[in-house]
Amino acid sequence: MAAHDNSADPSFDVDVLIVGAGPTGLALAAQLSAFGASFRIIDRRQTPGTESRAIAIQPRTLEALRPFGIGDELAAAGHPARQLQLHLPEETLNVDLFDSGLEDSAYRQLLFLSQTETERILTQYLLSRRVRIERGAELQDLERLDPEDPFAGMEAKIQRMDRGIERIRARYVVGADGANSTVRAKAGMDWRGTAYPDTFILADVEVDGVEPDTVHSYPTEDGFLFLFPLGGPATWRMIGIKPRGDNSPTTLETLQKLADTFTRGELQVRDPQWISTFRLSHQVAEYFQRGSVFLAGDAAHVHSPVAAQGMNTGIQDALNLGWKLALGSRGLASDDLIDSYDAERRPVGRDVVSATDRIFKLATSRSGLAKLPRTKLLPALAPKVMDCDGLRSRLFRTMSQLNVNYRGSDMVQSGTSRLPGLLASGPRPGDRMPDADVIHQGRERRLQDLAVAPGFTVLLCGPGWPQDAAEQIQASLPRLAGLLHVKQLMTGSSLIAGGPGIIQDVSGLAFHRLGLSSRRPELLVIRPDGYVGYRTAGRDLSGALSYLADLTAAAEPARV
């Protein structure tokens, strides 16, 4: 139960009910807590999960969790991998992972960490905020508070193992309850896609005969075998395909036969800590929102794990949605802002499902023509692609999710005074804000630490800003008191003292990555999720003020 577990509106018991306490639900709770929002988070499991399941954390996810202090903790606990060995039939290709394209991030590695540990770290953060996860509480049904108004809130019927049935009236309900989502079913939201024909094997094991701290891939005519350096509870995560028609239990002997098939007997598998078989599908919800009900994570999209996108996409769903619901609960979000979750995140989910489906079919197809890209083209083209810095950089930025953007969203704007030709030299509205080392009050800091916070940050860049610019902005938007931060980014020497709102770019990297000139003033508004919401050249504040006022205009009051 949150420290603020009762809605300020007596029509509701709570503003947000989160169903599901996996990584997606926990990340959503973290953001709502940071905003002081009223919420509860329930999970039907009586205890946290014990299987490692999702294990890869991408750089963008670490960035997105950094404002809560979680990104660095995950990075410290995780096991980084900086190299891939692609074991082709005639040669082994060594590929440096994330060695280019990630210079504008504090995190430049693919991180492997058991999902159990990821959930533990998120849970500890919530406990430090006096948030309790209500376990042994299963959603049974959802009903609209007003049958004629899908936006008026929901009543959830909860079966509690400790005290029977409970009913919770919530302004918003978020289904973060996995691929078999009860929230999605009860809200009548379609689930579209198909299942793959194969049965897959996951195992956390010890493996002898492979180079440590390296991702290993073995593509052959029979499919693929992957080894990921997990670190714990076992050193390696093995992923492979079970032979078709094999319905026998999966044992250590099964794992060894699988390894022998793909590595010609070079590896010795031992000491399995966990073995699981499962069927995969690629599916996406038709909508991520219906009225007051939202879907996030596996409840909204499921796909192959081969590109390490699933948990990361779910966490970023949560962090796109959380601040919007927190503002909506306080009457500080327009209807359009609340509805923008579906518009911004469903295309991302759809693209991830489509891309991972293509990669998965490339890795697993066994028919003559379908397997040609893996057996013939991959050995021929992989060395050439890896030798091209531009292609490698683009690939790594896409895989790390740093390239995800919301440029087409109605919730981002470009000021009329910003010349279109300048847009290519820095992030556009809807792009993630790049990071760089800067100086703040005499200390080295990261730009994202100073400009991404629970609330909006107005970043005044370059020369000539009036001394009272921050006061003008705050006075013009009194409704955003405590949620509006104004900083000034300027070039300068670390020897010159800066005030509390001054960020000094001594190296020039922040200006370069933002596409700024030390001689030209510009203004950026950074959204709470770390994306540029508004950008304009010049020192006119009116466009930014209008953007923020429209974004946070009070929504129509709910009718109950």
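The structure displayed is predicted, hence computed values, not measured ones.

Visitor: I'd like a rundown of the pairing of strand S6 (residues 92-96), residues and numbers included.
Guide: On a regular strand, each side chain points to the face opposite its neighbour's, so the side chains alternate between the two faces of the sheet. The two faces of S6 differ: Leu93 and Val95 on one face are buried, but Thr92, Asn94 and Asp96 on the other face are not. As paired strands, strand S5 (residues 83-87) and S6 are joined by 5 bridges and run antiparallel to one another. Note on S6: the bridge partner recorded for Leu86 is Leu93.

Visitor: Outline the sheet that holds S6, listing residues and values.
Guide: Strands sit in the order S6-S5-S13-S14-S15-S12-S16-S19 across an open sheet of 8 strands; the sheet is mixed. The open sheet has two edge strands, S6 and strand S19 (301-302), and neither has a second partner. Looking at chain direction, strand S14 (residues 223-229) and strand S15 (residues 236-241) are connected through 5 bridges and run antiparallel. Directly across from Leu225, in S15, lies its bridge partner Gly240.

Visitor: Requested: an account of the sheet that holds strand S4 (residues 79-81), with residues and values cited.
Guide: Strand order in the open sheet made by the 3 strands is S3-S7-S4, with antiparallel pairing throughout. Every other strand in the sheet has two partners, leaving strand S3 (56-57) and S4 as the edge strands with one partner each. Relative to strand S7 (residues 110-112), S3 runs antiparallel, the two sharing 2 bridges. In the sheet register, Ile57 faces S7, and the bridge partner there is Leu111.

Visitor: Explain the side chain of Asp15 residue by residue, including any values.
Guide: Here Asp15 shows up in strand S1 (residues 14-19). For Asp15, a relative accessible area of 5% gives the class buried. Residues in contact with Asp15, not counting those within four places in the same chain, are Ser7, Ala8, Ser38, Ala170, Arg171, Tyr172 and Ser329.

Visitor: Pulling in residues and values, what's your account of the pattern of salt bridges?
Guide: Counted according to the given criterion, the structure contains 38 salt bridges. For Asp43, the salt bridge is made with Arg45, and the minimal N-O distance between the two is 3.1 Å. Judged by relative accessible area, Asp43 falls into the buried class, the value being 7%. Two residues, Glu286 and Arg192, come together in a salt bridge whose shortest N-O distance is 3.2 Å. Taken together, the positions of Glu286 in the loop between strand S16 (268-285) and strand S17 (289-290) and Arg192 in strand S12 (residues 191-208) put the pair 94 residues apart, joining distant regions of the chain.

Visitor: So what about the packing of helix H3 (residues 70-77) against helix H4 (residues 115-128)? Which residues, and what values?
Guide: Each pair of packed helices can be summarised by the angle the axes make with each other and by the distance between the axes. Direction vectors running N to C along H3 and H4 enclose 145°, while the axes themselves pass 10 Å from each other. Between H3 and H4 the crossing geometry is right-handed. Contact residues: Ile70, Glu73, Leu74 and Ala77 in H3; Thr118, Ile121, Leu122 and Tyr125 in H4. In terms of residue class, the contact of H3 with H4 is built from 6 nonpolar, 1 polar and 1 charged.

Visitor: I'd like a rundown of the pairing of strand S27 (residues 532-537), residues and numbers included.
Guide: Burial analysis of S27 places 6 of its 6 residues in the buried class, which makes it a mostly covered element. By the bridge criterion, 2 bridges tie strand S20 (residues 413-414) to S27 in an arrangement that is parallel. Its bridge partner being in S27, Ser414 is matched across the sheet by Arg535. In this structure, strand S26 (residues 522-526) lies alongside S27, joined through 5 bridges in antiparallel fashion. The partner of Ile526 across the bridge, within S27, is Val532.

Visitor: So, a negative patch on the surface: which residues are in play, and what are the values?
Guide: A surface patch of like charges, here negative, comprises Asp335, Asp336, Asp339 and Asp410. Position of Asp339 among the secondary structure elements: in helix H8 (residues 335-364). Here Asp339 falls in the partly exposed class, since its relative accessible area comes to 33%.

Visitor: Any details on the environment of Thr398? Residues and values, ideally.
Guide: If you trace the backbone, Thr398 turns up in helix H10 (residues 389-399). Given a relative accessible area of 46%, Thr398 falls into the partly exposed group. Between the C-alpha atoms of Thr398 and Gly101, which are 297 residues apart in sequence, the distance is 9.5 Å. Discounting residues that sit within four places of it in the chain, Thr398 has contacts with Gln309 and Asn403.

Visitor: Outline the packing of helix H1 (residues 23-34) against helix H7 (residues 310-329), listing residues and values.
Guide: Orientation of H1 relative to H7, taken along the N-to-C sense of each, is 30°, at an axis distance of 8 Å. The orientation of H1 with respect to H7, classified from their angle, is roughly parallel. When the axes of H1 and H7 are compared, the crossing they make is right-handed. Between H1 and H7, the contacting residues are Pro23, Thr24, Ala27, Leu28, Gln31 and Leu32 on the first element and Met311, Gly314, Ile315, Ala318, Leu319, Leu321, Gly322, Trp323, Leu325 and Ala326 on the second.

Visitor: An account of the packing of aromatic side chains is requested, with residue identities and associated values reported.
Guide: For the coordinates displayed, the defined rule picks out 12 aromatic pairs. With 6.0 Å between their ring centres and 70° between their planes, Tyr172 and Phe294 make a pair best called edge-to-face. Remark: Phe294 occurs in strand S18 (residues 293-295) and Tyr172 occurs in strand S11 (residues 164-175); sequence separation between them is 122 residues. Judged by its relative accessible area of 10%, Tyr172 falls in the buried class. Between the aromatic rings of Tyr534 and Tyr547, the centroid separation amounts to 5.6 Å while the plane-to-plane angle is 25°, which identifies the pairing as stacked. Linking Tyr534 in strand S27 with Tyr547 in helix H14 (residues 542-551), this pair joins segments that are 13 residues apart in sequence. The exposure classification of Tyr534 matches that of Tyr547, with both residues buried. Counting every residue linked through ring pairs, the aromatic cluster contains Phe112, Phe224, Phe226 and Phe228.

Visitor: Just give me the short version of the confidence of the model for the protein chain, but keep the residues and values in it.
Guide: Summing up the model confidence of the protein chain, the mean pLDDT is 89 and the portion of residues at 70 or higher is 91%. In this model, residues 556-560 is a region of pLDDT below 50 whose contacts with residues beyond four sequence positions or in other chains number 11 contacts.

Reading the values: rules and limits
Residues numbered from 1 in each chain as written. Predicted model: local features only at pLDDT ≥ 70, side-chain atom pairs only at ≥ 80, totals over all residues. Heavy atoms only, no water. Buried < 20%, exposed > 50% of the residue type's maximum accessible area, 1.4 Å probe, protein only. Helix = DSSP H or I, 4+ residues; strand = E, 2+ residues; numbered from the N terminus. Pairing = 2+ DSSP bridges. Contact = heavy atoms within 4.5 Å. Salt bridge = Lys/Arg side-chain N within 4 Å of Asp/Glu carboxyl O. Axes fitted to C-alpha atoms, helices over the stretch in contact; angles between N-to-C directions. Left-handed = near helix turned anticlockwise from the far one by under 90°. Nonpolar A, V, L, I, M, F, W, Y, C, P; charged D, E, K, R; others polar. Patch = residues over 30% accessible without salt bridge, like charges linked within 9 Å, V, L, I, M, F, W, Y side chains within 5 Å. Areas by Shrake-Rupley, 256 points an atom, 1.4 Å probe, with all protein chains shown as cover. Lys, Arg positive; Asp, Glu negative; His and termini not counted. Charge placed at Lys NZ, Arg CZ, Asp CG, Glu CD. Parallel < 35°, antiparallel > 145°, perpendicular 65-115°, else oblique. Phe/Tyr/Trp six-rings, centres within 6.5 Å; stacked < 30°, edge-to-face > 60°. pLDDT = per-residue confidence, 0-100.

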